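The primary structure of each chain is shown beneath.
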Amino acid sequence: MKTLRLTMAQALVRFLASQNVERDGVEGRFIEGCFGIFGHGNVTGVGQALAEHPDLLTYYLARNEQAMVHTAAAYAKMRNRLATFACTTSIGPGATNMVTGAAAATINRLPVLLLPGDVFASRRPDPVLQQLEHPSRGDVSVNDAFQPVCRYWDRIQRPEQLVPAALAAMRVLTDQAETGAVMLALPQDVQTEAFDYPVEFFDRRTWHVGRPTPDASTLERAVELIRRARKPLIIAGGGVIYSDATAQLSNLVKRTGIPVGETQAGKGSLPFDHEGALGGIGATGTLAANRIAAQADLVIGIGTRYSDFTTASKTAFQNPDVRFVNMNVAAPDSHKLGGLALVGDARATIEALDARLEGWTAADDFRREYEQLRADWDEEVSRLYHLGHAPLPAQSEVLGAVNDLSAPRDVVVCAAGSMPGDLHKLWRTRDHKGYHVEYGYSTMGYEIAGGLGVKLADPSREVYVLVGDGSYLMMAQEIVTSIQERAKLTVVLVDNQGFASIGSLSRSKGTAGFGTRYGHRSQGRLADDATQGDGDGLPVDLALNAEGLGARVFRTRNIAELRDALVEAKKIDQTVVIYVPVDRYEGVPDYESWWEVPVAEVADSSEVKKARQEQERGLARQRWHL
Ligand SMILES: Cc1ncc(C[n+]2csc(CCOP(=O)(O)OP(=O)(O)O)c2C)c(N)n1
Ligand SMILES: [Mg+2]
């Protein structure tokens, strides 16, 4: 047997460089490169291997380990899960910084490969710097904290273990039903240990991503349900986009007249002006989608995991006879809400259904009903885009300006705060990859790091990162990485003096915005939303901060100045930050929807008691869908 004597880290780098993915005959490299931050736990192992062979795997220096996992996940999302990055870290805090990124990737079903260092397998120098000493478990390290947030987890205790572990990692990363964060924890001594690896381990390997379909009898049952439906509704989730099924969905909708509501991950499945597009659905949905959902007698979920935002905490579907048909490559999702499970690829399953539905269309009166709702909704969006709010603009006007001045193929990126909900309702998506909102984990801090991943995945598009002041303060440092990589972002930094979304949630539940405004002090005078005190007095200049990180900065005070800055920003080929203050209280309403957030059963405040009563009214509308 021919072998190659390499350290475990060198073998890993060589293996990763040889992995490819193929779908529909199109083949490409799977691990695009390796993000990293070095410490004593990886610099002499993985670090040495990357330094020796930059031709195999390009190293990208990041600023924060959480951020680099977001960048890898955003890259994977933009590439429809057919490519991603590896992330190398030291042991200890460098490793555990990735927990949030891993959870976000796994929840969003996005492949990322995490390669933290780990403590010595030999255990001779224990406890090493940053080692957790567990009194009753000798084999536990901080990396075990990743087990629940990874879809595959392994620790390479001997160099030869890399062979089965690396293959298992690749199987999970490329499996469309199973994918998510994958961790290979690499003890720092084992990284540097040599082994005679079989050369076949490094052969070019291509992982096929297929398009499985449900069996014919299950498809027939689905067709029966659809043919009988009077008011069918499709819910398009992220799976539509990942499976590259948007054209097939569009055809099905045009031919049958079944309208479509989109989840956050599925937004963009249809362009906003498509004849069947009802826009976002659920707690942050449009009036058009939510009205149709309330009456629907058949809901066809495609590539959705039915989060509480999508089902309006199980209040969205009020027709007593509603049934569900769920197409999903992941079996657990396809069985949700008591649905008929069509386990398979979205594109192939849509095609199979479409062929069997030939000649069938939805009733004309149903079509007229949702056409009217669509027209009304379009007017509502225009109204909110042009409120003319003063002295500070409303956030919806900022979204309107960015939508208007971005090109159809450009990408809007967001994750947490009040903007994801507003975008879900209001953003006019014109390209199926043009809307990138991480709302599975809704991670504050994802925005700029994620925007970088989007830009690396498709440099031909402008990337508009919409970030709140709270998210910006949590994690803005990847501006530096974007400048280093010449990956231009246009960051629109929307300042409403703190956590406005949670402030508004708190006010609606009777707790007056407690602790959400940046003037809040733990002692002395409070400047909460309740008291409107000296909340604006903190000497924070976020625009100056962005300038300090190297971005070109525009400070704007109103929509006219924002528009000018957006036009100027297009001419600049490095990362731009456009600062814009908005009114803290001028929000976008909900449209006949609800989101379950629990309220105290006993409290002194009459406001909380009132909110509790409202809560109970919402709970009374909740359905089980068994
Ligand atoms: C890491 C993290 N911590 C806490 C939260 C809970 N949370 C959701 S939105 C939000 C406030 C976000 O503030 P900002 O970015 O300014 O957006 P705004 O709410 O003002 O629109 C918080 C604290 C979260 N989603 N992520
Ligand atoms: Mg804010």
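**Regarding the pairing of strand β4 (residues 31-36)**
Phase 1 of the analysis: Here β4 lies mainly inside the structure; 5 of its 6 residues are buried.
Phase 2 of the analysis: Taken together, the 4 bridges between β4 and strand β6 (residues 84-89) define a ladder with parallel strand orientation. In the sheet register, Cys 34 faces β6, and the bridge partner there is Ala 86.
Phase 3 of the analysis: Pairing analysis gives 3 bridges linking β4 to strand β5 (residues 59-61), with the strands arranged parallel.

**A short note on the sheet that holds strand β15 (residues 298-302)**
Phase 1 of the analysis: Pairing in this open sheet of 6 strands is parallel, and the strands run β14-β13-β12-β15-β16-β17 from one edge to the other. On the outer flanks of this sheet lie β14 (277-280) and β17 (340-343), each paired with one strand and no other. Averaged over all pairs of adjacent strands, the angle between strand axes in this sheet comes to 20°, irrespective of strand direction.
Phase 2 of the analysis: Pairing of strand β13 (residues 260-262) with β14, which is carried by 3 bridges, proceeds in the parallel orientation. Residue Gly 261 lies in a different strand from β14, and its bridge partner there is Gly 279.
Phase 3 of the analysis: Here helix α10 (residues 246-256) sits on the sheet in contact with β12 (232-236), β13 and β15, set at roughly 165° to β12.
Phase 4 of the analysis: Against the sheet, helix α11 (residues 287-295) contacts β12 and β14, and its axis sits at roughly 105° relative to β14.

**Quick notes on the packing of helix α16 (residues 395-405) against helix α23 (residues 559-570)**
Phase 1 of the analysis: Contact pair α16 / α23: the axes reach a minimum separation of 10 Å and the direction vectors enclose 30°. In terms of axis orientation, α16 runs roughly parallel to α23. Of the two elements, α16 crosses α23, and the hand of that crossing is right-handed. Two secondary-structure elements touch here, α16 through Glu 397, Val 398, Ala 401, Val 402, Asp 404 and Leu 405 and α23 through Ile 559, Leu 562, Arg 563, Leu 566, Val 567 and Lys 570.
Phase 2 of the analysis: Looking at side-chain class alone, the contact of α16 with α23 contains 8 nonpolar, no polar and 4 charged residues.

**Concerning the nonpolar core**
Phase 1 of the analysis: Of all hydrophobic cores here, the largest spans 58 residues; its most connected members are Ile 234, Leu 249, Ile 302 and Phe 317.
Phase 2 of the analysis: The biggest single contributor to this core is helix α15 (residues 364-385), with 7 residues.
Phase 3 of the analysis: The contact partners of Phe 317, leaving out residues within four places of it in the chain, are Ile 235, Ala 293, Ala 294, Val 299, Thr 311, Val 322, Phe 324, Leu 337, Arg 623 and His 625.
Phase 4 of the analysis: One finds Tyr 60, Ala 73, Tyr 242 and Val 411 within the second-largest nonpolar core, a separate group that totals 51 residues.

**Quick word on the sheet that holds strand β9 (residues 181-187)**
Phase 1 of the analysis: Strand order in this open sheet of 6 strands is β5-β4-β6-β7-β9-β8, and the pairing throughout is parallel. In this open sheet, the two edge strands, each paired with only one partner strand, are β5 and β8 (152-155). This sheet shows a mean twist of 20° between the axes of neighbouring strands, independent of strand direction.
Phase 2 of the analysis: Direction of pairing for β8 relative to β9: parallel, over a ladder of 4 bridges. Bridged to Arg 155 within β9 is Ala 185.
Phase 3 of the analysis: The sheet contacts of helix α3 (residues 65-78) involve β4, β6 and β7 (112-118), and relative to β6 the element is tilted by about 165°.

**Brief notes about the pattern of salt bridges**
Phase 1 of the analysis: In total, this model carries 33 salt bridges according to the counting rule given.
Phase 2 of the analysis: For Asp 354, the salt bridge identified is with Arg 255, shortest N-O distance 2.7 Å. In this pair, Asp 354 sits in helix α14 (residues 346-356) while Arg 255 sits in helix α10, placing the two residues 99 residues apart along the sequence.
Phase 3 of the analysis: Of the residues examined, Arg 255 reaches a relative accessible area of 29% and is grouped as partly exposed.
Phase 4 of the analysis: Across the pair Glu 568 and Lys 571 runs a salt bridge, and its minimum N-O distance is 2.9 Å.
Phase 5 of the analysis: With relative accessibility at 60%, the residue Lys 571 sits in the exposed group.

**Looking at the site of ligand 1**
Phase 1 of the analysis: Surrounding ligand 1, one finds 15 residues, the nearest of these being Ser 418, Asp 469, Gly 470, Gly 498 and Ser 501.
Phase 2 of the analysis: The contact in question runs from a nitrogen atom of ligand 1 to an N or O atom on the backbone of Ser 442, over 2.9 Å.
Phase 3 of the analysis: Gly 498 places a polar main-chain atom, nitrogen or oxygen, 2.8 Å from an oxygen atom of ligand 1.
Phase 4 of the analysis: With the chains in place, 77% of the 580 Å² that ligand 1 exposes on its own is no longer accessible.
Phase 5 of the analysis: Those elements giving two or more residues to the shell around ligand 1 turn out to be α19 (469-474) and α21 (500-508).
Phase 6 of the analysis: A per-class count over the shell around ligand 1 returns 5 nonpolar, 9 polar and 1 charged.

**Concerning unusual backbone geometry**
Phase 1 of the analysis: In the segment running from Asp 126 into Pro 127, the intervening peptide bond is cis, with an omega of -10°.
Phase 2 of the analysis: Considering the arrangement of structural elements, one finds Pro 127 in the loop between β7 and β8.
Phase 3 of the analysis: Following Ala 390, the chain continues to Pro 391 via a peptide bond in cis, the omega torsion being 0°.
Phase 4 of the analysis: Looking at the element boundaries, Pro 391 is found in the loop between α15 and α16.
Phase 5 of the analysis: The backbone of Ser 442 shows a phi angle near 45°, a positive value even though the residue is not glycine.
Phase 6 of the analysis: Along the chain, Ser 442 falls in the loop between β19 (435-437) and α18 (446-457).
Phase 7 of the analysis: For Arg 486, which is not glycine, the phi torsion reads 50° and is therefore positive.
Phase 8 of the analysis: Along the chain, Arg 486 turns up in the loop between α20 (478-484) and β21 (490-495).

Parameters at a glance
Residues numbered from 1 in each chain as written. Chains lettered and ligands numbered in written order. Predicted model: local features only at pLDDT ≥ 70, side-chain atom pairs only at ≥ 80, totals over all residues. Heavy atoms only, no water. Buried < 20%, exposed > 50% of the residue type's maximum accessible area, 1.4 Å probe, protein only. Helix = DSSP H or I, 4+ residues; strand = E, 2+ residues; numbered from the N terminus. Pairing = 2+ DSSP bridges. Axes fitted to C-alpha atoms, helices over the stretch in contact; angles between N-to-C directions. Contact = heavy atoms within 4.5 Å. Parallel < 35°, antiparallel > 145°, perpendicular 65-115°, else oblique. Left-handed = near helix turned anticlockwise from the far one by under 90°. Nonpolar A, V, L, I, M, F, W, Y, C, P; charged D, E, K, R; others polar. Core = buried A, V, L, I, M, F, W, Y, C linked by side-chain atoms within 4.5 Å. Salt bridge = Lys/Arg side-chain N within 4 Å of Asp/Glu carboxyl O. Near = heavy atom within 4 Å. Polar contact = N/O pair within 3.5 Å; in protein donor to acceptor, adjacent residues only side chain to side chain. Areas by Shrake-Rupley, 256 points an atom, 1.4 Å probe, with all protein chains shown as cover.

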